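Examination of the molecular architecture
Residue-level listing of the chains:
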Amino acid sequence: MAKLSQGLSWDKLKYRCDPSMFKFKSTEEIEVENRILGQDRAISAIDFGVEIESFGYNIFVLGPVGTGKTTAIRRALVQKAKDIPNPSDWVYINNFSDSSHPIALELPNGTGTTFRDNIKLLVTDLKDQLPQAFENEHYQDERKQITEELEKKRHTELEHLAEFAAERNFELKSMGRGFAMIPTRDGAPLPPEDFEKLPKEEQEKIEQAMKEIQEEAESIMELVQDLEEKINERVSELNRRIADMAVGRSIGRLRKKYSDFPEIINYLNAMKEDVLENVDDFIPQPEASSEGTPSLPPQLMKQLVPDFKRYEVNLLIGESIHDGAPVIFEKHPTYYNLVGRIENKATQSGTYETDFTMIKPGSLHRANGGYLIVEVNELLKNYTAYDALKRCLKNHQIFIEDLNEQFRLVATTGLKPEPIPLNVKVVLIGSPWSYYMLYAYDEDFQKLFKVKADFGSEMKLDDASINDYTTFIATIIKREKLKHFGADAVAIILEYSTRLVEHREKLATSFSLIADLIRESDYWAKQNENGLVTAQDVERALEEKEYRSNRIETKLQELIEDGTIMVDSDGKVVGQVNGLAVMSYGDFTFGKPSRITALHFAGKSGIINIEREVKLSGRIHDKGVMILASFIRSKFWQEKVLAFSASLTFEQVYNEIDGDSASSTELYAILSSLSGVPIKQTIAVTGSVNQYGEIQPIGGVNYKIEGFFALCKARGLTGEQGVMIPHQNVRNLALKNEIIEAVKEGKFHVWPVTTIDEGIEILTGKPAGKQKKDGTYPKHSIYGKVAARLEELAEDEENGDNGINRVGYPARGVKI
């Protein structure tokens, strides 16, 4: 008992870093290094994922926030990308045979811009050269010769028609595009009234002549139209030949320049044919007088303006600024940001129009031939983006589509750009939860992301890791131009790191939190006008950070201190134990004491978990309570049916309770209730228990101890107060200095406990009792009293008595 009552020595309550162990006086003496600490497994996985080129070996980087995941993957990818050639340029060009399906062209890196500029210059040259070609004197003479030939034959035919009509006493009068046939008599036009006075026989003769002239006119007009068509064909042939000579020279130069690119040669040939078909677009038309000319609708006016955009080159990917393969971090991975978009432009008529020049790239295009990094939480906010990403990876192609087409009831025509081949390594960064959820419920995920880079939250504490940690601290300080830290300040940061991970033999890899502490310590050093950051500055930063966040903890402590929340810290009570819970609100976690009580009576209900009855108990807590029943059955009356009932509850707790870290506390309360031996209220308890009565480790041990210490300190430390913890949790201790000082002065205690037997002895001051060969326990031991009480309850059950408050057993909750 004496050994147990002493508790842990003060030097066992945290990892203590001695500043004298360092070979430097300040971080100014430390050389800077840029590397990721404590993540050898994850870095190895990243290296593997980056190097392997097989299908599906994309990378998922998972781990807690602030462990350097993003920094590590960027650094690895940038280093690897330097050894990979720059990716190809990609352009979209018009498909002259079907403009709704633009053609994608792949060009060597750096040539996309040149090609675009070459085509632009070509179109500009054609706008100058073609008009000049058609203004050439030779062209004008040849065209004049063709048209004069038409006019000569046309004139001859019309003269023949006039003679034919004159022979029949008719005169032809031109009327626009036709003729009026006027009968004559004695060389003068015959008026209609005179025609009516003619004998019927003569009228019929004139009408017959008119019919013959009309037939002859129609025959001649057909000849004239045939002549015009032939002339137009000859003029078109002449125009095409002249245009071909002008276009051929310009395009010929590009054909020679791009002779090694069959796709470009095909495009130039198609472009030439389109220019020849639309050569009039390149010839300025004489401006019509605006006087008296009605204005045309904008849509018709636009149709009259030549469209030269069809000859442009849409440079989708080019002008690379990367040294090697691209490394793209897409911070907003929407559908369009990933796969690209087809933009639309509003017209004056209220409609929308688009063309291949309005195709815009996405991050997959920019990362093609390299690496794309995406945060999975942002990606999953846009389910269409995640589906599109998987579709592109599975098909090795980037499809640019209008997302709205998937939701239209009626199919509409639109651009369908040719897909671009995809060769990219995708890296997703997320939490472990997101990885395992996707792996379990998305079969595509398993096939596409075969490399898991798992970042841990801790690293081993040894000389090498301490050296790495100090290097990291110096790197942050020098990179951000902060005040340098003294050796004592660095020591405090290392101690804080062990507290973050709750292990005296580990260091936390939550480097974002460490970096924040460095920055905040720098701030307080400046406020104190210190040349170096000292240990006091770091401790001030920690205290201020806690003060900014502990309003709720302070309020709860006030409620406990004024008795609103009932928790005792002195005296002894039967069936009542101080339990400890951990509460978290955002970035702040703290421990909260609470009262756990037990009441027993005759019956066969066993242990009644009141929280479970009102549905405030989680499954793990339910399991812990059932283990208590198993322990009691195995400890007492193994060959008989236990006839007792006991109720358990967390007093003044109104939210759901889960976890089994209070199961030993609940067992102590039941043993106290059954034995009638009071529990010391100066002690708080935490720890899980198994069916054999062995104490099992729990989480949040530091917060729990500090929560009860704060209560005891407020009410006054007596030297009898303390906390019982599982012995396995000793290595997790990283307590505040004020608690260590209190333990050192004998004002507070921390007891490591291995079994229920040890714990009940500390709580009651009485031995638990060792089982004799006959299966009984010493009469005055805790277990002996429990066994005796169970015998009485069995008798009470037989006699119909509830057994509560039998003489010699104090009522639950009465202070002694």
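Residues numbered from 1 in each chain as written. Predicted model: local features only at pLDDT ≥ 70, side-chain atom pairs only at ≥ 80, totals over all residues. Heavy atoms only, no water.

Digging into the packing of helix α7 (residues 200–257) against helix α8 (residues 262–277)
Note the following rule: Helix axes are fitted only over the stretch in contact, all axes being lines through C-alpha atoms; the angle between N-to-C directions runs from 0 to 180 degrees. Secondary structure follows DSSP: runs of H or I at least 4 residues long count as helices, runs of E at least 2 residues long count as strands, and numbering of each begins at the N terminus. Roughly parallel here means an angle under 35 degrees, roughly antiparallel means over 145, roughly perpendicular means 65 to 115, and every remaining angle is called oblique. In a left-handed crossing the near helix is turned counterclockwise from the far helix by less than a right angle, and in a right-handed crossing that turn is clockwise. In what follows, residue pairs with any heavy atoms lying within 4.5 Å of each other are defined as contacts. The classification used treats Ala, Val, Leu, Ile, Met, Phe, Trp, Tyr, Cys and Pro as nonpolar, Asp, Glu, Lys and Arg as charged, and all other residues, Gly among them, as polar.
Across the interface, α7 lies against α8 with an axial gap of 10 Å and an inter-helix angle of 160°. Taken together, the axes of α7 and α8 lie roughly antiparallel to each other. The element α7 and its partner α8 pack so that their crossing is right-handed. Facing Arg 240, Ala 243, Asp 244, Val 247, Gly 248, Ile 251, Leu 254 and Arg 255 of α7, the residues of α8 in contact are Ile 265, Leu 268, Asn 269, Lys 272, Glu 273, Val 275, Leu 276 and Glu 277. The residue inventory of the contact of α7 with α8, partitioned by class, reads eight nonpolar, two polar and six charged.

Quick look at the sheet that holds strand β13 (residues 371–375)
The line we're drawing: Whether two strands pair depends on DSSP finding at least two bridges between them.
As summarised here, the arrangement of the five strands in space is β8-β13-β16-β1-β17, forming an open sheet in which the pairing is parallel. Either end of the sheet is taken by a strand with one partner, and the two such strands are β8 (327–330) and β17 (451–454). Adjacent strand axes in the sheet meet at a mean angle of 20° when their direction is disregarded. Pairing between strand β1 (residues 59–62) and β17: four bridges, direction parallel. Across the sheet, residue Ile 59 finds its bridge partner in β17, namely Val 451. Against the sheet, helix α2 (residues 40–51) touches β1, β13, β16 (425–430) and β17, its axis set at about 155° to β17. The strands touched by helix α14 (residues 432–441) within the sheet are β1, β16 and β17, with β1 carrying the most contacts at an inclination of about 140°.

Details of the packing of aromatic side chains
Using the following cut-off: Geometry of aromatic contacts follows a simple scheme: Phe, Tyr and Trp rings, the Trp one being its six-membered ring, pair when their centres are within 6.5 Å, and the pair is stacked under 30 degrees between planes, edge-to-face over 60, tilted otherwise. Type-normalised accessible area, obtained with a 1.4 Å probe on protein chains alone, sets the label of each residue: buried when under 20%, exposed when over 50%, and partly exposed for intermediate values. Look at NZ for Lys and CZ for Arg. If either is within 6 Å of the ring centre and within 35 degrees of the ring normal, a charge sits over the ring.
For the structure on display, the rule yields 23 aromatic pairs. A centroid spacing of 5.1 Å and a plane angle of 90° characterise the contact between Phe 709 and Phe 748, whose relative ring orientation is edge-to-face. Of this pair, Phe 709 sits in helix α24 (residues 701–715) while Phe 748 sits in the loop between α25 (737–744) and β30 (749–753), and the two are 39 residues apart along the sequence. Note on Phe 709: relative accessible area 4%, which makes it buried. Through successive ring pairs, a cluster of aromatic residues spans Phe 60, Tyr 435, Tyr 436, Tyr 439, Phe 445 and Phe 449. Its end group placed over the ring of Trp 524, Arg 540 keeps NZ or CZ at 4.0 Å from the ring centre.

Considerations on α14
Heads up, the rule is: Directions drawn from the helix axis to the C-beta atoms are what define this arc.
When α14 is considered as a whole, its buried residues turn out to be Ser 434, Tyr 435 and Leu 438. Taken down its axis, α14 places every buried residue within 100° of arc, on the same side. Away from its buried face, by an angle of more than 90 degrees, α14 presents the exposed residues Trp 433, Ala 440 and Tyr 441.

Here's the deal with a nonpolar patch on the surface
Worth spelling out the cut-off: Patch membership needs two things, relative accessible area over 30% and no salt bridge, and members are linked within 9 Å if like-charged or within 5 Å if nonpolar (Val, Leu, Ile, Met, Phe, Trp, Tyr). Exposure was quantified through the Shrake-Rupley algorithm and a 1.4 Å probe, taking into account, for residues, occlusion by the shown protein chains and nothing else. Should a side-chain nitrogen of Lys or Arg be within 4 Å of a carboxyl oxygen of Asp or Glu, the pair is scored as a salt bridge.
Nonpolar side chains collect at one region of the surface, where Trp 433, Met 437 and Tyr 441 lie side by side and expose about 430 Å² of accessible area between them. Exposure remark for Trp 433: the relative accessible area of 60% places this residue in the exposed category.

Remarks on the sheet that holds strand β7 (residues 313–317)
In space, the three strands of this open sheet follow the order β3-β2-β7, with antiparallel pairing throughout. Single-partner strands in this sheet number two, and they are β3 (103–107) and β7. Taking the axes of each pair of neighbouring strands and ignoring which way they run, one obtains an average angle of 30° across the sheet. The pairing of strand β2 (residues 89–93) with β7 spans four bridges and is classified as antiparallel. When the sheet's bridge partners are listed, Ile 93 is paired in β7 with Val 313.

Some details on the side chain of Thr 686
We count it as follows: Polar contacts here mean pairs of N or O atoms no more than 3.5 Å apart (in protein, one a potential hydrogen donor and the other a potential acceptor; neighbouring residues in sequence count only if both atoms are side-chain atoms).
Tracing the sequence through the fold places Thr 686 in the loop between β26 (683–685) and β27 (688–689). Judged by relative accessible area, which is 3%, Thr 686 ranks as buried. Among the polar contacts listed, one links the side chain of Thr 686 to the side chain of Lys 704, at a separation of 3.1 Å. When near neighbours in sequence (up to four residues on either side) are disregarded, Thr 686 contacts Leu 580, Ser 661, Ser 664, Thr 665, Ile 698, Lys 704, Met 724, Ile 725 and Pro 726.

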